[in-house]
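Coordinates in review
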Amino acid sequence: MKQSFYLAIRYLLFYRFRTLILVIAIGLIIFLPIGLQRLITDSEDQMMERANDFPLIVGAKGSSTDLVINAIYFQQQPIDQLTVHDGKILDETELGFTIPLLAMFKARNFPIVGTSLDYFDFRDLRIEEGRNLRFLGECVIGATVAEDLNLKAGDSLISSPENYFDMAGVYPLKMSVVGILEASGTPDDKTVFTDLKTNWIIMGLGHGHEDVIKLTDPTLVINRDSSNVRTTSKLFIYNEIDGKKMDSFHFHGAMESYPVSAFIFVPDNTKSATIFRGRFEAGELPNQVVIPIKVVDHLLQSIFRIKHIFNAVFILVGMATMLILILIVTLSLRLRKDEIHTIFTMGCSRYKIVEILGIELLLLVIISGTVAAALFYLTGFFVDDFIRYFIL
Amino acid sequence: MKKILLVLIIVLVTISCDDSQKSNNENEVSGKLEVFVVNYPLYYFTEIIGGAHVDILFPIPAYVDPALWVPDEELEEIQKVDLILSNGAGYAKWMEKVSLPVSKIINTTGEISNTYIEQKQTKTHSHGSEGEHVHDDFEYTTWLDFNIAIVQAASVKKALSELRPGLKEEFEENFRVLKKELMGFNEKMIQLGKKLNGRTLFASHPVYQYMARAYDLDIISMHWEPDELLTEKDWLSFKQALENQPSDIMLWEKEPGNEIRLILNELGLKTVVFNPAGNTSENIDFSILMEQNMLALENYITSKPD
């Protein structure tokens, strides 16, 4: 047996290129169906788990899928905005409470999500380093953001301008990173959290500048009368909020009209949730309410219908590969006819020859299986990317 | 027999687990509520209504106007409380510049927000692509209209009752007592308003707008501080205002300095302290303070009848 193994190994090593091709071919055939199955199952689990954590989402009428993707996965889909006032109407139902979300901007490719401190309690997110949000201009970042951007509490992070060529557009805001969240294995890890009001400042709804009434620089003032001071565009708008500048920051207009992407509605109990949804169905409340898990389930069912086609393809490809493998083995036996005859002439029994060839095949299958297992293991690292590129 | 014993043990264990869970829940519900309030009137209302069931967080030093106070390290404590009672009407601007758990904030004047009084003042300004705008706001000494004070107290009662439904009756009873007191103040102020009969009152600071509206008082507000000396220019413009609107009384939030009082006396004005009670006063609660305010006003009316 030992000698048979030795001879089989020597044979495979001698024809290493052919062995390599066979290993890759068999390995891929084993891996592809189980790897894809894993991607699909893990993605489903991950997405459903996240969706299950959010009881109800209220957003503007339109695509419920875009709403959920924006509100719980923070993928910034273009959706119509609600206002703070809409949230007030929901709170007035006294059936639960709302948590506002505003996901419109990015900082170095990570979404900036404006919310209130309630979100951290609701999601049970804990600060690993630093502290939670306290003042305007601060942000708390997810574990992945901190790792990828090499940031720690005390550093700063600048919001990305919407359009680099729009010089008069939204100003980037230099935010202070005050805390880093514990890793949670959810989209929260890849998010920059700010207070809703900080997001409104990034939008330009609030800003800080010198007190225009006290301006003395003539190049800053176009005209001044008893009721109005008109300044030039030279008036510097602060792009960072620190203690000294904090007082000068202010918001224009009624905050109740300020935008919010969506509201998480946390009902007091199941009965409240049912009544709440009933009010939307009866048209007593404006906008739309969705149950994230239902929306995500529907989305996944639509996407993964293609899974059955893949499975059929893999069965056919697998059968074809098996036939090719049999052909290769048969041809190789024919090519090795002289070699087998020599071994037989040297006194080797027919049984031994079958054993050597069988071990060769077994080794090929084992190595291919190992390759498939390694690929299967590596697949686990690509679930997030799979979700991002193929589902969201 | 063994089976019966086993079933009994399981039943006993289940009951004991249920009991311990129940007692844990009871502890949770019976714990004191941590409440943060933005000013002293709300402190007083919460103290009366909540009684021994609330711990009130009011970290603002007595010498600071709570409307202008800005928290620093205190914010961490504020973020942790069960309930944050705000005054509304733009009071405590700092609340716009900090992160708070919004679900815990109750605007005690939310119900009557359509009756807020807008500030008259301020210049507009324009810069960049924006149009004219003004950093205006509302007047915020809402509780000096005792009808609004009752609305605020009712808000406090409702918020506490929602957090501790088991104590609803007690909170309701405490609120009734407080409401009676506030209605008494309201009645008294209506009488004083009638006695003043449209007489012009000067005020050292613009803090009496809601009181003026509710009790039909004609109040002209200055921007004077009790312990700050006034310039010649200030006096000159005040004298002009006094010529246009003759008056013999000026309301102050606290006793003005001697020098100011003497000059005002020379001009024929009596200084009357009407403390809005935005912050705590030594050993005097809201109720006593309001009684003192009204007594001072009544004494003036008695000394200077129409």
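As the structure is a computational prediction, the values presented were derived from the model and not from experiment.

Criteria and cut-off values
- Residues numbered from 1 in each chain as written.
- Chains lettered and ligands numbered in written order.
- Predicted model: local features only at pLDDT ≥ 70, side-chain atom pairs only at ≥ 80, totals over all residues.
- Helix = DSSP H or I, 4+ residues; strand = E, 2+ residues; numbered from the N terminus.
- Rg over C-alpha atoms; globule rule 2.2 N^0.38 Å.
- Contact = placed C-beta atoms within 7 Å.
- Buried ≥ 20, exposed ≤ 12 C-beta atoms within 10 Å, placed from the backbone.
- Domains from an automatic or database assignment.
- Nonpolar A, V, L, I, M, F, W, Y, C, P; charged D, E, K, R; others polar.
- Pairing = 2+ DSSP bridges.
- Axes fitted to C-alpha atoms, helices over the stretch in contact; angles between N-to-C directions.
- Expected span 1.5 Å × (residues − 1).
- Core = buried A, V, L, I, M, F, W, Y, C linked by C-beta atoms within 7 Å.
- Parallel < 35°, antiparallel > 145°, perpendicular 65-115°, else oblique.
- Left-handed = near helix turned anticlockwise from the far one by under 90°.

Scanning chain A from terminus to terminus reveals 14 helices and 16 strands. A compact globule built from 392 residues should have a C-alpha radius of gyration of about 21 Å, whereas chain A, at 31 Å, is more than 25% larger. By sequence separation, contacts in chain A at least 24 residues apart represent 74% of the contacts at least 6 residues apart.

This paragraph deals with the overall build of chain B. Summing up its helical and strand segments, chain B has nine helices and nine strands in all. Counting over 306 residues, chain B shows a buried share of 34%. When contacts within chain B are restricted to residue pairs at least 6 apart in sequence, long-range pairs at least 24 apart make up 57% of them.

Looking now at the domain arrangement of chain B. Residue and element names in this part refer to chain B. Under the domain assignment, chain B is made up of domain 1 (31-112 + 137-183) and domain 2 (186-303). Between the C-alpha centres of domain 1 and domain 2 the distance comes to 27 Å. On the side of domain 2, 19 residues touch domain 1, which itself brings 21 residues to the contact. Taken together, the elements giving at least two residues each to the side of domain 1 that touches domain 2 come down to helix 2 (40-50), helix 4 (146-163) and helix 5 (168-196). Tallied by class, the residues present in the side of domain 1 that touches domain 2 amount to 13 nonpolar, four polar and four charged.

For the rest of this paragraph, the subject is helix 2 of chain B. Residue and element names in this part refer to chain B. Summarising burial for helix 2: 11 of the 11 residues are buried, a large majority. The set of residues buried in helix 2 consists of Tyr 40, Pro 41, Leu 42, Tyr 43, Tyr 44, Phe 45, Thr 46, Glu 47, Ile 48, Ile 49 and Gly 50. Looking at the buried positions of helix 2, the neighbouring elements they touch are strand 1 (33-37), strand 2 (54-57), strand 3 (83-86), helix 4, helix 5 and helix 9 (286-303). One or two residues past the end of helix 2 sits Gly 51, with phi positive at roughly 55 degrees.

Moving on, we get to the sheet that holds strand 6 (residues 200-203) of chain B. Residues and elements named next belong to chain B. As summarised here, the arrangement of the four strands in space is 7-6-8-9, forming an open sheet in which the pairing is parallel. Each having just a single partner strand, strand 7 (218-221) and strand 9 (270-273) make up the two edges of the open sheet. For this sheet, the mean angle separating the axes of adjacent strands, direction not counted, is 35 degrees. Taken strand by strand, helix 9 contacts strand 8 (249-252) and strand 9, and its axis lies near 155 degrees from that of strand 9.

Spanning 12 residues, helix 9 (residues 270-281) of chain A covers 17 Å between terminal C-alpha atoms, matching the ideal 16 Å at 1.5 Å per step. Taken from the residues just after helix 9 of chain A, Gly 283 of chain A is the one with a positive phi, measuring 80 degrees.

Moving on, we come to the environment of Ala 8 of chain A. All names here are of chain A. As for its placement among the helices and strands, Ala 8 is situated in helix 1 (residues 2-14). Residues Ala 8 and Ile 315, spaced 307 residues apart in sequence, show a C-alpha to C-alpha distance of 29 Å. Those residues in contact with Ala 8 that sit more than four places away from it in its chain are Ile 356, Ile 359, Glu 360 and Leu 363.

Ile 57 of chain A together with Leu 85 of chain B are the most contacted members of the largest nonpolar core, which has 131 residues in total. In terms of residues, this core owes the most to one element, helix 4 of chain B, which gives eight residues. Counting residues in each nonpolar core, the second largest holds eight residues, with Val 23, Ile 26, Leu 364 and Ala 372 of chain A among its members.

Residue and element names in this part refer to chain B. It is at 10 Å that the axes of helix 2 and helix 4 come closest, and there the two elements cross at 50 degrees. Regarding the angle of helix 2 to helix 4, the classification is oblique. For the pair helix 2 and helix 4, the crossing hand works out as right-handed. Residues Pro 41, Leu 42, Phe 45, Thr 46, Ile 49 and Gly 50 of helix 2 form the contact with helix 4, whose participating residues are Ala 149, Gln 152, Ala 153, Val 156, Lys 157 and Leu 160.

Before going further, it helps to spend a moment on the pairing of strand 9 (residues 192-195) of chain A. Residue and element names in this part refer to chain A. Relative to strand 9, strand 4 (residues 110-115) runs parallel, the two sharing four bridges. Across the sheet, the residue bridging to Ile 112 is Val 192, located in strand 9. Of the strand pairs in this sheet, strand 6 (residues 138-141) and strand 9 are connected by three bridges, and their pairing is antiparallel. From the neighbouring strand, Cys 139 faces strand 9, where its bridge partner is Thr 194.

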